[in-house]
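Take a look at the letters that make up each chain.
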Amino acid sequence: MRHRLAPAAEVVPNLAPMVDVIMVLLVFFLLGASLNLVEQGVLQTELDPSSGPGGGAKVEIKPRITIALQDRGNGAAANIYVVDQEIGENRFDALVTYLRDRVRAGADRENPVVVGAETEVRWQFVISAMDAAVQAGFRNIQFAVSMRPSGG
Amino acid sequence: MLKRPPTPVSMTLNLAPMVDVMMCLIVFFLLASKLADHAPVDLPWAAAAKSVKPGEITNPVTITVRPAGEGGDAAEYLVKSWDGQKVTEQALRPQDIDPLLQSHAARAAREGQQLRCVIRADRAVRYRHVEVVLRACGLAKIGSVVFQANQGVEAGGGA
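Residues numbered from 1 in each chain as written. Chains lettered and ligands numbered in written order. Predicted model: local features only at pLDDT ≥ 70, side-chain atom pairs only at ≥ 80, totals over all residues. Heavy atoms only, no water.

K.L.:
What exactly am I supposed to notice about the overall build of chain B here?
P.N.:
Each helix and strand counted, chain B has three helices and six strands in total. Secondary structure elements of chain B occur, N-terminal to C-terminal, as α-β-β-β-β-α-β-α-β. By residue count, 42% of the 159 residues in chain B fall in the buried class. For chain B, the share of sequence-separated contacts (at least 6 apart) that also reach a separation of at least 24 residues comes to 67%. Roughly 9,200 Å² of accessible area belongs to chain B as shown, and the carbon and sulfur atoms make up 60% of that amount. (Helix = DSSP H or I, 4+ residues; strand = E, 2+ residues; numbered from the N terminus. Buried < 20%, exposed > 50% of the residue type's maximum accessible area, 1.4 Å probe, protein only. Contact = heavy atoms within 4.5 Å. Areas by Shrake-Rupley, 256 points an atom, 1.4 Å probe, with all protein chains shown as cover.)

Next up, the structure:
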């Protein structure tokens, strides 16, 4: 007696779940890529309101470190001066070293570090100067602000 | 001739596609809400920037400063603040920052709280644009100022 072979069942893979999963992955990576996954943080400081433009009551003289930023090339770079000593253009690593040396030489970390910048200096350079002071361990960072409005 | 009643068809709900779609929507809205949280700003880089958890900075007034127009010589200001009931974000003229911060500082003082000014300034804006906000903080006697930055050093060895 001959056995007839059973007709082969047609195998049709169900593509719907695969498409679903791929869609989820696609959306995730598309949005994830445009998220600019950079950790954001903050640099915090306590400004002294009594020495600001609205104040002027008491003056306490503490030895302070002044960082001056001079604009170069219309915002392309900043020339750094610390206590009238020239550090160089965009040499924020050298600024950190200089400030750390001051700490090693006995400077109090509570002494104010005043960041003053020309009006045309890019904000990145001002933050880099503040960053250098924080990296060196200083906790009291102040900003020199002109009384005459210049922004807008 | 007797008709047999039809055998009942089992009604099982296929939940898998619904779960797939829900997952898709959850992922989409979670990520999209992060994107829409703030106006887009190219923040400066700072190696010493500390991470903060949401809500860790109490009583904040967030001021965004970003370039406007060509060449980055002008800036626009956006103020995001919490008035105790809802979050509002509005565009401001530079001359309006002083009275706004002073009114917020007065309200915080009445409530016995310390107001914090969070400055989200684009790395490309000029110091004079941020100086406007710093000057307003001084006039409003806001001592606690927080600058937002990207943690780390810019890829490519920027400033």
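K.L.:
Would you take a moment to explain the interface of chain A and chain B for this structure?
P.N.:
Often the size quoted for an interface is simply the accessible area lost on bringing the parts together. On the side of chain B, 51 residues touch chain A, which itself brings 53 residues to the contact. With both chains or domains summed, chain A and chain B bury close to 4,700 Å², and 61% of this area falls on carbon and sulfur atoms. Residue B:Arg126 pairs with A:Glu120 through a salt bridge whose shortest N-O separation is 3.6 Å. Run the count over chain A and chain B and you get 13 residue pairs in polar contact (both at pLDDT 80 or more). (Buried area = accessible area lost by both parts, 1.4 Å probe. Salt bridge = Lys/Arg side-chain N within 4 Å of Asp/Glu carboxyl O. Polar contact = N/O pair within 3.5 Å; in protein donor to acceptor, adjacent residues only side chain to side chain.)

K.L.:
Any chance you could explain the side chain of A:Arg122 here in plain terms?
P.N.:
For A:Arg122, the position within the fold is in the loop between β5 (113-117) and α3 (123-135). In this view, A:Arg122 contacts A:Asn74, A:Gly75, B:Arg123, B:Ala124, B:Val125 and B:Arg126; residues no more than four positions away in its chain are not counted.

K.L.:
For this particular structure, what's the right way to read unusual backbone geometry?
P.N.:
Trans peptide bonds make up the majority, and among non-glycine residues the majority have a negative phi. One non-glycine residue with positive phi stands out, namely A:Asn74, at about 50°. Turning to its location among the elements, A:Asn74 is positioned in the loop between β2 (65-72) and β3 (77-82). Residues other than glycine seldom take positive phi values, yet B:Lys141 does so here, at roughly 60°. Within the element layout of this structure, B:Lys141 appears in the loop between α3 (127-139) and β6 (144-151).

K.L.:
Help me out: how do you make sense of the sheet that holds β3(A) in this one?
P.N.:
Sheets are built from strands that pair by backbone hydrogen bonding, the pairs being arranged parallel or antiparallel. All names here are of chain A. Read across the sheet, five strands follow the order β4-β3-β2-β5-β6 without closing on themselves; strand pairing throughout is mixed. At either end of the open sheet lies a strand with only one pairing partner, and these are β4 (85-89) and β6 (141-143). For this sheet, the mean inter-axis angle between neighbouring strands, taken without regard to orientation, is 25°. Across three bridges, β5 lies against β6 in parallel orientation. Bridged to Val114 within β6 is Gln142. Together, β2, β3, β5 and β6 form the strand contacts of α3, whose direction differs from that of β6 by roughly 155°. (Pairing = 2+ DSSP bridges. Axes fitted to C-alpha atoms, helices over the stretch in contact; angles between N-to-C directions.)

K.L.:
Help me out: how do you make sense of the side chain of B:Arg126 in this one?
P.N.:
Relative to the elements of secondary structure, B:Arg126 occurs in the loop between β5 (116-121) and α3. Within the structure, B:Arg126 has its side chain in polar contact with the side chain of A:Asn74 (distance 3.3 Å).

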